[in-house]
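A closer look at the structure
Each chain, written out:
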Amino acid sequence: MFLSEHTASCRLLIRGGDLSKSMSRYLIDEIEQRGRIEVMTYSEIVELNGNGAPETALVADTRTGERRPLPAKAVFIFIGASPHTDWLRGQVAMDEHCFVLTGRDVGEEDLSEWGEERPYFLETSMPGIFAVGDVHSGSVKRCASAVGEGSMAVRLAYQRLEAR
Ligand SMILES: Cc1cc2nc3c(=O)[nH]c(=O)nc-3n(C[C@H](O)[C@H](O)[C@H](O)COP(=O)(O)OP(=O)(O)OC[C@H]3O[C@@H](n4cnc5c(N)ncnc54)[C@H](O)[C@@H]3O)c2cc1C
């Protein structure tokens, strides 16, 4: 919405077929009502070309793989929200999207070895292992909160050591 106010044209490319899977209805309504944003579904940028700055983007149809160039003087890439936690699978409890469960979110079924103790805030199902920032389930997904949680985890780690 912000970018569309400062550009002659604005395209929103999504890999899926429908904005409603991951966007609030009120935002979709605003995009549709404003009419300055062209939503391109089943589209993925596979290449950027230009001389020192973007000029064209090669866009692939995610269903057919067909590619076509589009003029693009500026690109705002909004990806990077998937957790890379495969290597932790089976070690700490996670939610259905592979974000690490911490604190009260850790289910009783994952606490069988804890005895009377329970995980501190930001502590995973493995005692003494903390998860902060985007990777933990239910995180705020902001830089400031990730940094803040990091500093909290230091204190909580000491608390865990003292408790043991
Ligand atoms: C497109 C986009 C725009 C955003 N805009 C904003 C904004 O305007 N304002 C705002 O506050 N927040 C914004 N965010 C959210 C913000 O970037 C995150 O909340 C923040 O970066 C989270 O910090 P983090 O340290 O938890 O995770 P990250 O910043 O993701 O850092 C995790 C690091 O761990 C590394 N890593 C992963 N696996 C391993 C491994 N096995 N071994 C070693 N290292 C590993 C990764 O490479 C990465 O460097 C945006 C996010 C995205 C994706």
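Before any of the text, the structure's been laid out above.
These numbers were taken from a predicted model, which means no experiment stands behind them. (Residues numbered from 1 in each chain as written. Predicted model: local features only at pLDDT ≥ 70, side-chain atom pairs only at ≥ 80, totals over all residues. Heavy atoms only, no water.)

When helices and strands are counted, the chain shows 2 helices and 5 strands. Going residue by residue from the N terminus, the α and β elements of the chain occur as β-α-β-β-β-β-α. Relative to a compact globule of 164 residues, whose C-alpha radius of gyration would be 15 Å, the chain shows 22 Å and is clearly more extended. Seen through its C-alpha atoms, the chain measures out along the principal axes to roughly 60 × 35 × 30 Å. Within the span of the chain, comprising 164 residues, buried residues form 29% of the whole. In the chain, the share of contacts with a sequence separation of at least 24, taken over all contacts with a separation of at least 6, comes to 42%. Taking the average place of the 18 positive charges on the side chains of the chain and the average place of its 25 negative ones, the gap between the two points comes to 6 Å. (Helix = DSSP H or I, 4+ residues; strand = E, 2+ residues; numbered from the N terminus. Rg over C-alpha atoms; globule rule 2.2 N^0.38 Å. Buried < 20%, exposed > 50% of the residue type's maximum accessible area, 1.4 Å probe, protein only. Contact = heavy atoms within 4.5 Å. Lys, Arg positive; Asp, Glu negative; His and termini not counted. Charge placed at Lys NZ, Arg CZ, Asp CG, Glu CD.)

Below, the discussion takes up the packing of aromatic side chains. For the structure shown, the criterion picks out 1 aromatic pair. Over the aromatic face of Phe-99 sits the side chain of Lys-141, whose NZ or CZ is 4.4 Å from the ring centroid. (Phe/Tyr/Trp six-rings, centres within 6.5 Å; stacked < 30°, edge-to-face > 60°. Lys NZ or Arg CZ within 6 Å of the ring centre and 35° of its normal.)

Any two side chains of opposite charge can pair, given that their charged atoms come close. Considering all chains together, one arrives at 10 salt bridges under this definition. In this structure, the salt-bridge partner of Arg-164 is Glu-117, at a minimum N-O distance of 2.9 Å. Of the two residues, Arg-164 is situated in the segment after α2 (143–163) and Glu-117 in the loop between β5 (67–71) and α2; the sequence distance between them amounts to 47 residues. Looking at Arg-164, the relative accessible area reads 61%, which means it is exposed. One network of salt bridges, in which partners are shared, links Glu-117, Glu-123, Arg-160 and Arg-164. (Salt bridge = Lys/Arg side-chain N within 4 Å of Asp/Glu carboxyl O.)

Below, the discussion takes up the layout of surface pockets. Its volume calculated, the largest pocket comes out at about 2000 Å³. For the lining of the largest pocket, the class distribution of residues is 26 nonpolar, 10 polar and 9 charged. Of the domains in this structure, domain 1 (3–71) and domain 2 (86–163) are the two that each give at least three residues to the lining of the largest pocket. One number sums up the size of the second largest pocket: a volume of about 170 Å³. (1 Å grid on protein atoms, 1.4 Å probe; cavity = no way out; pocket = protein on both sides within 12 Å on 5 of 7 lines; lining within 4 Å. Points joined across faces, edges and corners; volume = space filled by probe spheres on them. Nonpolar A, V, L, I, M, F, W, Y, C, P; charged D, E, K, R; others polar. Domains from an automatic or database assignment.)

The values are spatial; any link to function lies outside them.
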